Amino acid sequence: DGGITQSPKYLFRKEGQNVTLSCEQNLNHDAMYWYRQDPGQGLRLIYYSQIVNDFQKGDIAEGYSVSREKKESFPLTVTSAQKNPTAFYLCASSVRTANYGYTFGSGTRLTVV
Amino acid sequence: GEDVEQSLFLSVREGDSSVINCTYTDSSSTYLYWYKQEPGAGLQLLTYIFSNMDMKQDQRLTVLLNKKDKHLSLRIADTQTGDSAIYFCAENADSSASKIIFGSGTRLSIRP
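Starting afresh in each chain, residues are numbered from 1 along the sequence in its written order. Starting at A for chains and at 1 for ligands, labels are handed out in the order in which the entities are written. In keeping with the model being predicted, local features are shown solely for residues with a pLDDT of at least 70 and side-chain atom pairs are shown and tallied solely at 80 or more, while totals for entire chains, interfaces and linings include all residues. Only hydrogens and water are set aside when side-chain values are computed; all heavy atoms of the structure are taken into account.

**Some points on the sheet that holds strand β3 (residues 18-24) of chain B**
Residues and elements named next belong to chain B.
Okay, so step 1: What the five strands build is an open sheet, ordered β1-β3-β8-β7-β6; its pairing is antiparallel. Each edge of the sheet is formed by a strand with only one pairing partner; in this case those strands are β1 (4-6) and β6 (55-58). The average angle at which neighbouring strand axes cross in this sheet is 15°, direction not considered.
Okay, so step 2: Strand pairing follows a simple DSSP-based rule, namely that at least 2 bridges must link the two strands. Each helix corresponds to a stretch of at least 4 residues labelled H or I by DSSP, and each strand to a stretch of at least 2 residues labelled E; elements are numbered beginning at the N terminus. Summarising the sheet, strand β7 (residues 61-66) and strand β8 (residues 71-76) pair through six bridges and their orientation is antiparallel. Following the sheet pairing, V63 is matched in β8 by L74. Here, axes are lines fitted to C-alpha atoms. For helices the fit covers the stretch in contact, and angles between N-to-C directions go from 0 to 180 degrees.

**A word on the packing of aromatic side chains**
Okay, so step 1: Aromatic rings from Phe, Tyr and Trp, taking only the six-membered ring of Trp, are treated as a pair when their centres fall within 6.5 Å; an angle between ring planes under 30 degrees marks them as stacked, one over 60 as edge-to-face, and anything in between as tilted. Counted according to the given criterion, the structure contains 19 aromatic pairs over all chains.
Okay, so step 2: Ring geometry for Y33 of chain A versus Y48 of chain A: centroids 6.3 Å apart, planes at 20°, classification stacked. Within this pair, whereas Y33 of chain A is found in strand β4 (residues 31-37), its partner Y48 of chain A is found in strand β5 (residues 43-51), the two being separated by 15 residues in sequence.
Okay, so step 3: Burial here depends on accessible area, computed with a 1.4 Å probe over protein chains only, as a share of the maximum for the residue type. Under 20% is buried, over 50% is exposed, and the range in between is partly exposed. In this structure Y33 of chain A comes out as buried when scored by relative accessible area, which is 1%.
Okay, so step 4: The exposure class of Y48 of chain A is buried, given its relative accessible area of 11%.
Okay, so step 5: On the basis of an interplanar angle of 75° and a centroid distance of 5.9 Å, the ring pair of F104 of chain A and F102 of chain B is categorised as edge-to-face. Taken together, the residues span two chains, with F104 of chain A in strand β10 (residues 103-104) and F102 of chain B in strand β10 (residues 99-102). In this structure, F104 of chain A and F102 of chain B share a single accessibility class: buried.

**Here's the deal with unusual backbone geometry**
Okay, so step 1: With an omega of -10°, the peptide bond between S7 of chain A and P8 of chain A qualifies as cis.
Okay, so step 2: Note on placement: P8 of chain A falls in the loop between β1 (4-7) and β2 (10-13).
Okay, so step 3: If you check the backbone angles, N53 of chain A has positive phi at about 65° while not being a glycine.
Okay, so step 4: Inspection of the secondary structure puts N53 of chain A in the loop between β5 and β6 (54-57).
Okay, so step 5: The backbone of D78 of chain B shows a phi angle near 50°, a positive value even though the residue is not glycine.
Okay, so step 6: Along the polypeptide, D78 of chain B turns up in the loop between β8 and β9 (85-94).

No statement about biological role is implied by the geometric values presented.
Following this line, the structure appears as C-alpha cells:
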C-alpha cells in the first residue's frame, strides 16, 4: 500500500544533542513538508521541498535542517540550536501542485529530557 | 496575507448535526480542504472542494462554500463518538508553490 512513514513514533533527546526524524513516502510525490504542532495549536511549517536536491524554509526554520537527496526521503534534523524542540512533528507529501491536498504521516513526538 | 480562521471548540450531542465553520482571506484559492486529526495521529484528508463549486456531499459530510463571504463550512450529520477529533480547514493559496495554509483547528467533542 502506498503511504508516508515517519519514524520513530516517540523520541527522547537530551539537551544539547542533535536528533534526526525520518520521513519516507512511496506515493511518487514530488513535494514533501515538515510541520511542527504544539499542544492545542495548529500546524507551523518548518521546511518544504518541491523537488530533489532543493528545499525552502518555512515559517519556523531556525534550529532545524533538512536534506532531499532522494525523492522518497525528507529527513529533518532538530539541532541543539532549537530552543524549545519538544513538540509533535508531522511530515507530509503531495503532487507538485498539491491540488488534492497533502498526505500526512502519523507523526513523531519528540521530548527533550 | 493569507490566513485561515476557525473557532477553537465545538460541543454537540450525539446524533445531532455538527457544523464547523471557517473563513479564509485569499480569494484566489482554488481548492479548500477539511482534515481530521485524532489524538496522537497525523491529519487525514476528509474532503476537498474546488472553488467553482458551492457544495459537495459525501455520505455524512456536507461542505458548503460561499466565495463571496470567503466562508467554508463542514456539516457532519448524525454525529457519533468516533467523530471526536480536531478538524482543520485549509486552503491552497498558491498552487505553483504547492503551499497549503491551515487553520488552527476546531476541537469537536461529543456529549451523550
